[in-house]
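One-letter residues, chain by chain:
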Amino acid sequence: MPRSRRVALIIETSNEYARGLLHGIRSYLHEHGTWEIYLREGSRGEAALDWLARWKGDGIIARMENSQIARAVMARGLPVIDLSAARLALDAPMVETDDAAIATLAAEHLLERGYRHLAFCGDPRFRWSQDRRDHFTAHVHEAGHDCHVYPPRGKGRRRAGDEHKALATWVNGLPKPVGIMACYDMRGRQILEACREIGVAVPDQVAVIGVDNDELLCDLSEPPLSSIAPDSERTGYVAAELLDRMMAGRKVAPDAYHIKPLGIVCRQSTDALAVADLEVIQAVRFIREAARKGIKVEEVVEHVGLSRRALDARFRRWLGHTVHDEIRRVQLDLVKQLLVETQLPLTRIAAQVGFDHVEYLSVWFKRETGQPPSVFREAQRKRGGRGEV
């Protein structure tokens, strides 16, 4: 029997995203055989890798967040997969979350709720935070709005006490109501703490969305924090698959492989409409409540008491789309939820969401998501059914 390959995992275990990477690597090994894994407890960016020069192994999967880690890992001359957006080892393939897709989800989530003042709160230590900032601000600007950024570009990280005061001052000075994207969940929690301290209501005056969907951290926030769920397990799985190819002598291009996020998990911190139009708020609430029964634009118009033309004009002003578009958006979210959380056949789902013909639902769903309903359902279940919307 050939010996098992020895693989070092230089991945911190202190946060939800990193543990998701490890779950993905484990899933690959369950399907394709075992490795001898060397995993040391560590924190993000830890550079104490003296052991690596003496370690005898066949490959490395590492989050190379700083130049010391990158130099130590690449000096071994072994097959390496990088899991960091810092991109400090250009000769190694990189597998990372799709930060452009994450930022787009966050921007659209806040814009759909009527927020026209948008802001981004990042962490200057990390390249992925900078990438999310740039993509978020670009999307906001493309939608015709300004984006406030914290910390200011080019500034270094502050001491903890100064940081907290500066964050509270920044939030207090933002125009309200404002929707804020935090670069990750801990940052989002810090924003919520600042809001509580200065007496700013969430989500009425400030809506906050984070990234990573660390369920414990999000649920312990006050109020619970909405978050984007990256597909960290898929990221770890792909990293293990690529490393296996490299250790087998197969060529893998040193490209960047970006993994799409699973979706948004909406909690109380963004559960509001920042719209100063009571008829629009009334219409959106009616659409959300009636979506399971199937709903027509005419019913929304009758419920609100305005003409379709007038209501569409108000929707375009506040939400950037028509009443019909809002119905379809809510229906799409509902179809996704039913596909993932139930065993209902597509014919039943179509009936529940107001489609007379299941064939039309299939065509529309594929146009909107890029996947037929059956493929979407199977993919989400393989990922643990966490593609919440």
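The model shown is predicted, which means the values in this text are computed figures rather than measured ones.

Participant: Where do I start with the overall build of the protein in this structure?
Facilitator: Across its full length, the protein carries 15 helices and 12 strands. For a compact globule of 389 residues, the expected C-alpha radius of gyration is about 21 Å, and the protein comes in at 23 Å, within 12% of that figure. Across its three principal directions, the C-alpha atoms of the protein cover 75 × 55 × 35 Å. Counting all 389 residues of the protein, 52% fall into the buried class. Counting contacts in the protein only where the partners sit at least 6 residues apart, residues at least 24 apart contribute 68% of the total. Averaged over its 56 positive side-chain charges, the protein has a centre that lies 3 Å from the centre of its 54 negative ones.

Participant: How do you make sense of the pattern of salt bridges when you look at a structure like this?
Facilitator: In a structure, side chains of opposite charge can pair up when their charged atoms sit close to one another. Evaluation of the coordinates by the stated rule reveals 21 salt bridges. Among the salt bridges present, the one from Glu 193 reaches Arg 189, with a minimum N-O distance of 3.5 Å. Highlighted residues: Glu 193 and Arg 189, both in helix α6 (residues 185-198), separated by 4 residues, approximately one helical turn. The exposure class of Glu 193 is partly exposed, given its relative accessible area of 28%. For Arg 189, a relative accessible area of 23% puts it in the partly exposed group. Between Glu 279 and Arg 314 there is a salt bridge, with its nearest N and O atoms 2.8 Å apart. Taken together, the residues span a long stretch of sequence, with Glu 279 in helix α9 (residues 278-290) and Arg 314 in helix α11 (residues 308-319) at a distance of 35 residues. Here the residues in one salt-bridge network are Glu 112, Glu 326, Arg 329 and Asp 333, joined through shared partners.

Participant: Honestly, the confidence of the model for the protein in this entry has me stumped. Any pointers?
Facilitator: Low pLDDT means the predicted atomic positions in that stretch should not be read closely. Looking at the protein as a whole, its pLDDT mean stands at 88, while 92% of the residues score no less than 70. Considering only residues more than four positions removed or in separate chains, one finds that residues 384-389, a stretch of pLDDT under 50, has 15 contacts.

Participant: Before we go on, may I ask you to explain the packing of helix α1 (residues 16-32) against helix α8 (residues 232-247) in this structure?
Facilitator: The description of two packed helices rests on the angle between their axes and on the distance between the axes. One way to put it is that α1 packs onto α8 with a least axis distance of 6 Å and a crossing angle of 50°. Relative to α8, the element α1 lies oblique. For the pair α1 and α8, the sense of crossing is right-handed. Contact residues: α1 offers Tyr 17, Gly 20, Leu 21, His 23, Gly 24, Ile 25, Ser 27, Tyr 28, Glu 31 and His 32, while α8 offers Ser 232, Glu 233, Thr 235, Gly 236, Tyr 237, Ala 240, Glu 241 and Asp 244. Residue classes in the contact of α1 with α8 are distributed as 6 nonpolar, 8 polar and 4 charged.

Participant: Where do I start with helix α13 (residues 346-353) in this structure?
Facilitator: The α-helix advances 3.6 residues per turn, and as a result positions three or four apart in sequence lie on the same side. For α13, the set of buried residues is Ile 349, Ala 350 and Val 353. In an axial view of α13, the angular spread of the buried residues amounts to 100°, which keeps them on one side of the axis. Away from its buried face by more than 90 degrees, α13 exposes Thr 347 and Ala 351.

Participant: I keep staring at the sheet that holds strand β10 (residues 226-229) and nothing clicks. Help me out?
Facilitator: The strands making up a sheet associate through backbone hydrogen bonding, with each pair oriented either parallel or antiparallel. One open sheet holds the 6 strands; their spatial order is β7-β6-β8-β9-β10-β12, and the pairing between them is mixed. Each edge of the open sheet is held by one strand with a lone partner, namely β7 (147-150) and β12 (263-265). The mean angle between the axes of side-by-side strands here comes to 25°, regardless of whether they run parallel or antiparallel. As paired strands, strand β6 (residues 117-121) and β7 are joined by 4 bridges and run parallel to one another. By the bridge assignment for β7, Ala 119 is matched with His 148. Its contacts with the sheet place helix α3 (residues 99-112) against β6, β8 (178-182), β9 (206-211), β10 and β12, and it is angled at close to 160° to β8. α6 contacts β6, β7, β8, β9 and β10 of the sheet and is inclined by roughly 160° relative to β9.

Participant: Sorry if this is basic, but what is going on with the pairing of β9 here?
Facilitator: Successive residues of a regular strand alternate their side chains across the two faces of the sheet. With 6 of its 6 residues buried, β9 lies for the most part within the structure. Side chains of β9 alternate between two faces, with Val 206, Val 208 and Gly 210 and Ala 207, Ile 209 and Val 211 buried alike. As for the winding sense of the linkage, the β-α-β connection from β8 through α6 to β9 is right-handed. Summarising the sheet, β9 and β10 pair through 3 bridges and their orientation is parallel. The partner of Gly 210 across the bridge, within β10, is Ser 227. Between β9 and its parallel partner β10, the chain crosses via helix α7 (residues 215-220), and the hand of that crossover is right-handed.

Participant: Please clarify how α9 should be interpreted in this entry.
Facilitator: Helix length check: α9, at 13 residues, gives a terminal C-alpha distance of 18 Å against a target of 18 Å (1.5 Å per residue), a fit within 8%. Here α9 has its buried residues at Val 280, Ile 281, Ala 283, Val 284, Phe 286, Ile 287 and Ala 290. Lining the buried residues of α9 we find α10 (297-304), α11 and α12 (323-341).

Participant: Before we go on, may I ask you to explain the side chain of Glu 96 in this structure?
Facilitator: Counting through the fold element by element, Glu 96 comes out in strand β5 (residues 94-97). Arg 63 provides the closest opposite charge to the buried, salt-bridge-free Glu 96, at an N-O distance of 4.5 Å. If sequence neighbours within four positions are ignored, Glu 96 has contacts with Tyr 17, Arg 63, Leu 83, Ser 84, Ala 85, Thr 235, Tyr 257, His 258 and Ile 259.

Participant: Is there a simple way to think about the nonpolar core in this case?
Facilitator: In summary, soluble globular proteins display a tendency toward joint burial of nonpolar side chains. Ranked by internal contacts, the top residues of the largest apolar core, which has 36 residues, are Ile 287, Val 300, Leu 311, Phe 315, Val 323, Val 335 and Ile 349. Among the elements that make up this core, the one with the highest residue count is α12 (9 residues). If near-sequence neighbours (up to four positions away) are discounted, Ile 287 is found in contact with Ile 295, Val 300, Phe 315, Val 323, Glu 326, Ile 327 and Val 330. In this structure, Val 7, Leu 29, Leu 83 and Leu 243 belong to the second largest nonpolar core, which totals 25 residues.

Thresholds applied
- Residues numbered from 1 in each chain as written.
- Predicted model: local features only at pLDDT ≥ 70, side-chain atom pairs only at ≥ 80, totals over all residues.
- Heavy atoms only, no water.
- Helix = DSSP H or I, 4+ residues; strand = E, 2+ residues; numbered from the N terminus.
- Rg over C-alpha atoms; globule rule 2.2 N^0.38 Å.
- Buried < 20%, exposed > 50% of the residue type's maximum accessible area, 1.4 Å probe, protein only.
- Contact = heavy atoms within 4.5 Å.
- Lys, Arg positive; Asp, Glu negative; His and termini not counted.
- Charge placed at Lys NZ, Arg CZ, Asp CG, Glu CD.
- Salt bridge = Lys/Arg side-chain N within 4 Å of Asp/Glu carboxyl O.
- pLDDT = per-residue confidence, 0-100.
- Axes fitted to C-alpha atoms, helices over the stretch in contact; angles between N-to-C directions.
- Parallel < 35°, antiparallel > 145°, perpendicular 65-115°, else oblique.
- Left-handed = near helix turned anticlockwise from the far one by under 90°.
- Nonpolar A, V, L, I, M, F, W, Y, C, P; charged D, E, K, R; others polar.
- Arc of directions from axis to C-beta.
- Pairing = 2+ DSSP bridges.
- Right-handed = clockwise from strand over helix to strand, strands pointing away.
- Expected span 1.5 Å × (residues − 1).
- Core = buried A, V, L, I, M, F, W, Y, C linked by side-chain atoms within 4.5 Å.

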